[in-house]
Amino acid sequence: MIDVKLKTSPPPTVDENDRQTKAKSLHILNFSKPHGLTFHVAWFSFMIAFTGWYAIAPLKPYIKSDLKLTSEIATSDIFSVSATVVFRVTAGLLCDVIGPRRVMATLLLAGAIPTALASLIHNADGLYASRFFIGVLGATFVPCQFYTTQMYEKNVVGSANAFAGGWGNLGGGLTYILMPLVFNAINSSVNNTNTSWRIAMIIPAGLCIIAGLMNIFLADDSPAGDWLQKKKSLENDKIKEVHDASEKQKNDAYVETSEQIESTKKGKFTELSRAFFNPYVLIMMMQYACTFGVELAIDNVIGGFFITQFGLENTSGNFIGAVFGLMNLFSRATGGVVSDYANQKLGMRGRLLSQFFVLLLEGIFLIIFRFSVDSLTSAIVVLIFFSFFTQAGCGTSYGIAPYIDPSIYGTIAGLIGTGGTLGGLIFNSLFAHFSSSIREGFLVTGVVVVVMSFTTFLLKVSGERIIPIKRSK
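What comes next is a walk through the structure. (Residues numbered from 1 in each chain as written. Predicted model: local features only at pLDDT ≥ 70, side-chain atom pairs only at ≥ 80, totals over all residues. Heavy atoms only, no water.)

Considerations on the layout of surface pockets
Link 1 in the chain: Considered as a void within the structure, the second largest pocket measures approximately 670 Å³ in volume.
Link 2 in the chain: Listing elements by their share of the lining of the second largest pocket, those giving two or more residues are α2 (60-67), α3 (72-98), α14 (292-310), α19 (409-433) and α20 (438-453).
Link 3 in the chain: Examining the composition of the lining of the second largest pocket, we find that eight residues originate from one element, α14, more than from any other.
Link 4 in the chain: Its residues assigned to classes, the lining of the second largest pocket comprises 12 nonpolar, 12 polar and four charged. (1 Å grid on protein atoms, 1.4 Å probe; cavity = no way out; pocket = protein on both sides within 12 Å on 5 of 7 lines; lining within 4 Å. Points joined across faces, edges and corners; volume = space filled by probe spheres on them. Helix = DSSP H or I, 4+ residues; strand = E, 2+ residues; numbered from the N terminus. Nonpolar A, V, L, I, M, F, W, Y, C, P; charged D, E, K, R; others polar.)

Remarks on the side chain of T418
Link 1 in the chain: Secondary-structure assignment places T418 in helix α19.
Link 2 in the chain: Setting aside residues up to four positions removed in sequence, T418 forms contacts with V85, R88 and V89. (Contact = heavy atoms within 4.5 Å.)

Digging into the packing of helix α7 (residues 157-190) against α14
Link 1 in the chain: α14 packs onto α7 with a crossing angle of 5 degrees between their chain directions and a minimal axis gap of 11 Å. In this view, α7 runs roughly parallel relative to α14, as classed from their interaxial angle. Seen from α7, the contacting residues are N169, G172 and Y176; seen from α14, they are F292, E295, D299, N300, V301, I302 and G303.
Link 2 in the chain: Residues that form the contact of α7 with α14 fall into these classes: four nonpolar, four polar and two charged. (Axes fitted to C-alpha atoms, helices over the stretch in contact; angles between N-to-C directions. Parallel < 35°, antiparallel > 145°, perpendicular 65-115°, else oblique.)

With respect to a nonpolar patch on the surface
Link 1 in the chain: Taken together, L109, I209, L213, I216, F217 and L218 make up a surface patch of nonpolar side chains, about 500 Å² in accessible area.
Link 2 in the chain: Looking at which element gives the most residues to the nonpolar patch, the answer is helix α9 (residues 202-218), with five residues.
Link 3 in the chain: Checked against the element boundaries, L218 lands in helix α9. (Patch = residues over 30% accessible without salt bridge, like charges linked within 9 Å, V, L, I, M, F, W, Y side chains within 5 Å. Areas by Shrake-Rupley, 256 points an atom, 1.4 Å probe, with all protein chains shown as cover. Salt bridge = Lys/Arg side-chain N within 4 Å of Asp/Glu carboxyl O.)

Quick look at helix α1 (residues 35-53)
Link 1 in the chain: In a regular helix each residue adds 1.5 Å, so 19 residues correspond to 27 Å; α1 covers 27 Å between its end C-alpha atoms and thus fits that length.
Link 2 in the chain: Most of α1 sits out of view: 18 of its 19 residues are buried. (Expected span 1.5 Å × (residues − 1). Buried < 20%, exposed > 50% of the residue type's maximum accessible area, 1.4 Å probe, protein only.)

As for the nonpolar core
Here is a general trend for soluble globular proteins: nonpolar side chains tend to be buried in one another's company.
Link 1 in the chain: Residues F369, F386 and F442 are the most contacted members of the largest nonpolar core, which totals 130 residues.
Link 2 in the chain: Leaving out residues up to four positions away in the same chain, F369 has contacts with F305, F306, A379, V382, L383, F386 and F442. (Core = buried A, V, L, I, M, F, W, Y, C linked by side-chain atoms within 4.5 Å.)

Some points on the environment of S397
Link 1 in the chain: Tracing the backbone through its elements, the reader meets S397 in helix α18 (residues 376-400).
Link 2 in the chain: Along the primary structure S397 and L359 are separated by 38 residues, whereas in three dimensions their C-alpha atoms are 9.8 Å apart.
Link 3 in the chain: Ignoring any residue separated from it by four or fewer positions in sequence, one finds S397 in contact with M284, Y288, T291 and Q355.
Link 4 in the chain: A polar contact is formed between the side chain of S397 and the side chain of Q355, at a distance of 3.0 Å.
Link 5 in the chain: Within polar-contact distance, the side chain of S397 engages the backbone oxygen of G393 at 2.7 Å. (Polar contact = N/O pair within 3.5 Å; in protein donor to acceptor, adjacent residues only side chain to side chain.)

A short note on helix α4 (residues 100-117)
Link 1 in the chain: Between its first and last C-alpha atoms α4 spans 26 Å; for 18 residues at 1.5 Å apiece the expected length is 26 Å, and the two agree.
Link 2 in the chain: Here α4 has its buried residues at P100, R101, V103, M104, A105, L107, L108, G111, A112, P114 and T115.

Observations concerning the pattern of salt bridges
Link 1 in the chain: Summed over all chains, the structure comprises 12 salt bridges.
Link 2 in the chain: In this structure, the salt-bridge partner of D221 is R102, at a minimum N-O distance of 4.0 Å. With D221 in the loop between α9 and α10 (227-244) and R102 in helix α4, this residue pair connects regions lying 119 residues apart in the sequence.
Link 3 in the chain: Across the pair D340 and R351 runs a salt bridge, and its minimum N-O distance is 2.9 Å. Residue D340 is located in helix α16 (residues 331-346), and its partner R351 is located in helix α17 (residues 348-370); the two are separated by 11 residues in the primary sequence.
Link 4 in the chain: Residue class for D340 comes out buried when judged on its relative accessible area of 0%.
Link 5 in the chain: Several salt bridges converge on common partners, so that one network encompasses R101, R102, D221 and D226.

A word on the packing of aromatic side chains
Link 1 in the chain: If you walk through the whole model with that rule in mind, you get 37 aromatic pairs.
Link 2 in the chain: With a centroid separation of 5.7 Å and an interplanar angle of 25 degrees, the aromatic rings of F306 and F310 are classed as stacked. One end of the pair, F306, and the other, F310, are both in helix α14, four residues apart, so they sit about a helical turn from each other.
Link 3 in the chain: Residue classification places F306 among the buried positions, given a relative accessible area of 0%.
Link 4 in the chain: Each residue in the set F46, F50, W53, Y54, F141, Y288, F292 and Y398 is aromatic and connected to the rest through ring pairs, giving one cluster. (Phe/Tyr/Trp six-rings, centres within 6.5 Å; stacked < 30°, edge-to-face > 60°.)

Rendered as structure tokens:
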């Protein structure tokens, strides 16, 4: 049974001091360690990472004027997600080795540096370089999801992943509100737009540093605590078992341990290959490209689209654009809850059906948006609908991901996350191609998503498909 509650008390199925058991329920307002506090640190860290990752997007009109850019400003959107492709794969591998806490903290602290240094750029090359290195912050999604997967049981992990990822993605909308407000506050004092946007970049950098430190001092890698100490404890238990065993058992254990050491020597590359060449992982990567990837691309263009399409002033256009990101308050989480509920009713087939219908509706509303932008009211209404399904698709995707190959979930989560980033790269390039007519970019994107929704019928997860295939004897 799905158990998601708005309570401050610890989950009844897990003692708040239990260091061995995953939680079987998600109490949204629970801040006790290890489960509740880590959950909140996870989504908050990812949300703050967005404020640095997308800080430049709402300021593009001022940056474009200051640096005297034309098409380069759209090209920089591609650089903003390109580095994240590499860092997400790396983050997944590292989470399996050293745990999510160290990975999340490192990414946030490292990403704060280029975010602050962006205030020093003076040409297009500098903009490209800064947005590329700021892209390291996009990899924080992987430890965010790794945290929640370690903390929650399978009956609620889809919801936990969706809430954490969705509330983290709120950062996209928050940034469209935060950065114009910070810019306006600074500009009211210095009365120089060129100086104001540069000073404004310091704020998200500082927020990333604070979030990084929160991970170090407040979060836990798993219910058992520190990841490396947990691994060391397991190794010591194994040594004790061998010490207390008979000679034959010792020899068997030695052979087993030798095999484990030899396997370790092959490195994480073996796991990466195993995951990458799993056809179902590849399908999930493509589908996540059509959810989170689409979200990343739209985050870069939506504010500017409303400003240009309807002749709005910068702050108003960005505030409307913020609606897209702010829908994550509930949309992605709804996708996870729906996935968990469908799983209760129909098993894994229910999760797959949820994925198919959410992707299909996302594509349909993206296509409708192309034909609704003659009126500001209709454009906002359709924006709300395609925002919901785009983000809900992220939730349903990570309701499926933990079951593809549970033993290497960290690596798989990293690859699927990378698929989302690759999608961001592809769809950012698509919108850059249609920079003179962004509405056509929405049409093409919608068609691609509709087509990709049908690949759900090819997925086989935990031995189940949407349509069971009976083999003749």
